[in-house]
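Listed below are the residues making up each chain.
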Amino acid sequence: MRPGHKTRWRRAAWCLALGLWACTEDFPELPATPDEGVLLDRGATADAAAHHDAALRQDAARPADAAPADAARDAQARDAQARDAQASDAQARDAQPGDAQPGDAQIADLDAAPDAAPDATPDAAWPPACPVVDGPWRVGTLGPAALNEASGLATSHRNPGVLWSHNDSDGGTRVFALSATGEALATYELDGPGQVDWEDIAVGPGPDPALSYVYVGDIGDNNANRASIGLRRFPEPAVPEDGPPPTVRLAGVETFTLVYPDGPHNAGTLLVDPRTGDVFVVVAAANGETPIYRAAAPLVADGENRLEQVASLTFGVDLLPGGRATTGGDISVAGDRIALRTTSSAFLWFRARGATIAEALAGMPCALPLAQEPQGESFAFTLDGQGYFTTSEGARAPLYLFGPEPAAPPEPDAAPPPPPVDAAPPRRRWTPPAARRRRAAPPPVDAAVEPVDAAVEPLVECPRFADPAATGNLGNPEIIEASGVTESHRNPGVLWVHNDAGGTGRVYAIDTAGAPLATFELDGNRPRDWEDLAVGPGPEPGVSYVYVGDIGDNAIVRQNLHLRRFPEPVVPREAEPPIIPLAGVEDFTLVYPDGPHNCETLLVDPENGDVYLVTKSADGVSPIFRAAAPLQAGADIRLERVAGLTFGRAPLGGNASTTGGDIAPDGSAIVVRTYSAAFLWRRAPGATIAEAFATEPCALPRPRDPQGEAIGFARDGRGLYTVSEGAGTPVYFWERR
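Please read these numbers as outputs of a predicted model, since none were measured by experiment. (Residues numbered from 1 in each chain as written. Predicted model: local features only at pLDDT ≥ 70, side-chain atom pairs only at ≥ 80, totals over all residues. Heavy atoms only, no water.)

*Asks:* Account for the side chain of Ser151, naming residues and giving values.
*Replies:* Relative to the helices and strands, Ser151 resides in strand 2 (residues 150-155). Here Ser151 falls in the buried class, since its relative accessible area comes to 0%. Looking at Ser151, its side chain comes within polar contact range of the side chain of Glu377, at 2.9 Å. Residues within four places of Ser151 in sequence aside, it is in contact with His166, Asn167, Asp168, Trp198, Glu199, Asp200, Thr327, Glu377 and Ser378. (Helix = DSSP H or I, 4+ residues; strand = E, 2+ residues; numbered from the N terminus. Buried < 20%, exposed > 50% of the residue type's maximum accessible area, 1.4 Å probe, protein only. Polar contact = N/O pair within 3.5 Å; in protein donor to acceptor, adjacent residues only side chain to side chain. Contact = heavy atoms within 4.5 Å.)

*Asks:* How would you explain the sheet that holds strand 31 (residues 579-582) if you had to name every residue and give the values?
*Replies:* Read across the open sheet, the 5 strands follow the order 24-25-26-27-31; overall the sheet is mixed. Strands with a single pairing partner mark the edges of an open sheet, and in this sheet they are strand 24 (482-487) and strand 31. Adjacent strand axes in the sheet meet at a mean angle of 25 degrees when their direction is disregarded. Two strands pair when backbone bridges link them, and strand 25 (residues 494-499) and strand 26 (residues 506-511) are joined in this way by 5 bridges, in the antiparallel orientation. By the bridge assignment, Val494 is partnered in strand 26 with Asp511. (Pairing = 2+ DSSP bridges. Axes fitted to C-alpha atoms, helices over the stretch in contact; angles between N-to-C directions.)

*Asks:* Quick one: what's the story with the packing of aromatic side chains, residue by residue and with numbers?
*Replies:* Applying the stated rule across the entire model yields 11 aromatic pairs. Considering the side-chain rings of Tyr388 and Phe402, the 4.5 Å spacing of their centres and the 10 degrees angle between planes classify their relative orientation as stacked. Of the two residues, Tyr388 sits in strand 21 (residues 388-392) while Phe402 sits in strand 22 (residues 398-402), which places them 14 residues apart along the sequence. Grouping residues by exposure puts Tyr388 and Phe402 together as buried. Seen from their ring centres, Phe647 and Phe679 are 6.3 Å apart, and the 55 degrees between their planes marks the pair as tilted. Taken together, the residues Phe647 in the loop between strand 37 (640-646) and strand 38 (658-663) and Phe679 in strand 40 (residues 678-682) connect sequence positions 32 residues apart. (Phe/Tyr/Trp six-rings, centres within 6.5 Å; stacked < 30°, edge-to-face > 60°.)

Without other data, these values stay purely geometric and don't point to any function.
Right under this line is the structure:
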């Protein structure tokens with residue numbers, strides 16, 4: 001590599017880790033839809049990180065966050081404070097970055113002027129305009145194989161270019177150190193009690209002002225029955241920079257007990273105020289009503305820390321449209337920005353000098369863009385607070401960066417750094433780029449603003465697949481008419497399968513080679529004609545659900561159809577596959593608006609939970625109907641026709657009768673098959689399912705099934721599974737090239 005290019009690479013790393021907004025002007029622009037990772041030179045950022053941490057430690061020593069009622073100030077006192085702040089700001093702007101006294105004065109004066117932004121000039125308006133946020137840029141893929149349910153993300157303060165993450169409720173107590181492109185750097189095993197439901201992670205100050213600490217929130221409570229929730233804390237360790245990723249046992253990890261003042265709540269977001277060390281727990285509620293609680297620093301390790309409600313927000317309506325249940329968030333290192341996200345929307349609040357977290361959240365939010373993530377629960381600001389990372393649950397989930405375009409890689413005549421051994425193959429030909437580039441600052445969110453993902457991007461080229469290859473044969477003798485298949489989102493390597501008409505109300509779990517793992521018996525009504533199944537979101541955030549479609553109607557006489565839904569259970573791995581009864585299975589009644597249809601294809605949109613039926617006919621004319629989420633049990637759900645396709649003629653040649661389909665877990669692609677052909681539609685970011693079906697389809701390799709009625713995506717999007725009716729038939733996998 002030529003010396004100039006090496007310098008450019010190191011500066012690119014500096015930008016990504018520390019100063020995203022500050023140092024991109026010397027780099028050529030990348031294409032609008034990049035997805036290659038950016039290599040970090042972590043050593044190059046050490047001096048800058050030390051300077052940054054020194055400022056952080058001084059800021060962490062300030063008094064505890066005051067209650068909202070204490071925010072009122074006398075007008076004359078505020079005017080005097082504002083004048084002092086202006087003078088201090090002017091001194092800080094004239095000083096060099098290395099001058100200790102002006103820098104210290106600027107930090108010490110953060111609480112002096114509540115009405116001014118931390119980095120604003122005296123005449124700047126408050127609050128500042130909503131930021132321009134480019135991206136997302138797919139910078140990498142989560143590397144650790146064990147990190148398959150990433151539920152939290154935090155930027156390290158001690159190790160520049162390092163991210164912290166952890167799994168959702170899996171019984172383990174592991175925290176993963178990742179590079180800023182998702183590669184595994186180290187795994188840390190925490191001593192002490194096991195987790196109940198880890199939901200989020202944060203980095204902030206602690207008892208030693210010279211250190212930064214990792215906080216892990218054992219705060220999930222899907223059934224709302226925990227008398228108390230937990231918090232783990234440990235000083236940030238030094239993450240090794242080279243060699244194989246080690247597994248390190250961490251001793252002396254502190255455990256704290258938190259108690260709500262008003263009974264149990266389910267929560268998915270943990271925040272730590274970098275100015276005070278106060279801990280905030282944000283409730284995840286299906287109805288969007290979101291109380292926010294605070295545990296004031298210092299925390300007590302040998303007793304209960306009683307939480308105090310300090311704020312409340314309502315997601316899914318008015319100022320905060322989109323998803324209702326919060327799944328993650330973060331506070332910037334400077335403490336001047338707060339972000340909260342759901343699976344489908346994200347919002348930013350600015351925090352003025354001297355304002356509490358509660359006061360900041362009472363201000364006007366700004367909408368932030370998100371990628372199309374199948375189950376996004378993570379959000380972490382970059383160290384400078386002006387960019388952010390997100391990722392989703394799922395094995396080898398993409399890692400997205402929002403902010404300026406990452407610096408370009410070396411020019412073609414310079415050899416790029418080799419990829420890590422376990423890096424995933426490039427997915428550019430498969431996943432539509434989710435970059436929703438915004439060239440004008442979005443206004444603050446209000447009732448008139450469209451959802452964040454309203455813009456539709458151009459389509460990428462058709463993906464390529466290898467010919468179907470058999471991975472094994474169906475080993476359960478009960479499966480003789482397999483009519484639906486999809487891979488579990490909760491149990492990696494497990495496929496859900498069911499029989500066609502005449503079945504017994506059973507759903508079968510098999511491995512990808514066809515071997516039986518368990519049989520689940522659904523309570524309630526017995527099936528009339530089960531035809532397809534799917535996995536997707538449901539009423540409980542963070543939980544994946546199995547949908548089974550009792551939708552077949554060969555005689556075209558049924559006045560209503562049925563849909564069964566249940567949360568994905570844990571599939572046991574026992575020597576003798578068990579039979580497990582499932583209670584509390586929901587039953588929904590679906591009614592066509594124009595009379596009966598036969599149907600064998602069920603789709604569930606991973607972005608919003610809408611249910612789609614692609615009808616089947618001998619002449620190939622296939623209307624497509626939608627049942628909008630949330631589904632209502634106990635009443636007829638009237639389907640709405642949203643699209644139509646015609647199979648058996650170009651461009652959908654081959655057999656005319658549809659027999660199955662699925663939507664990719666990240667929502668980026670839709671597949672529908674017939675007995676002799678299969679087709680894929682690319683879905684651009686922001687597009688609806690109906691809009692995707694209006695685009696040009698991609699033909700897939702010809703299926704090999706003798707009577708194929710089932711097709712489903714792998715949970716990581718790396719290919720498709722199909723099975724056929726018949727005893728002991730093969731399981732086929734179509735691998736993406």
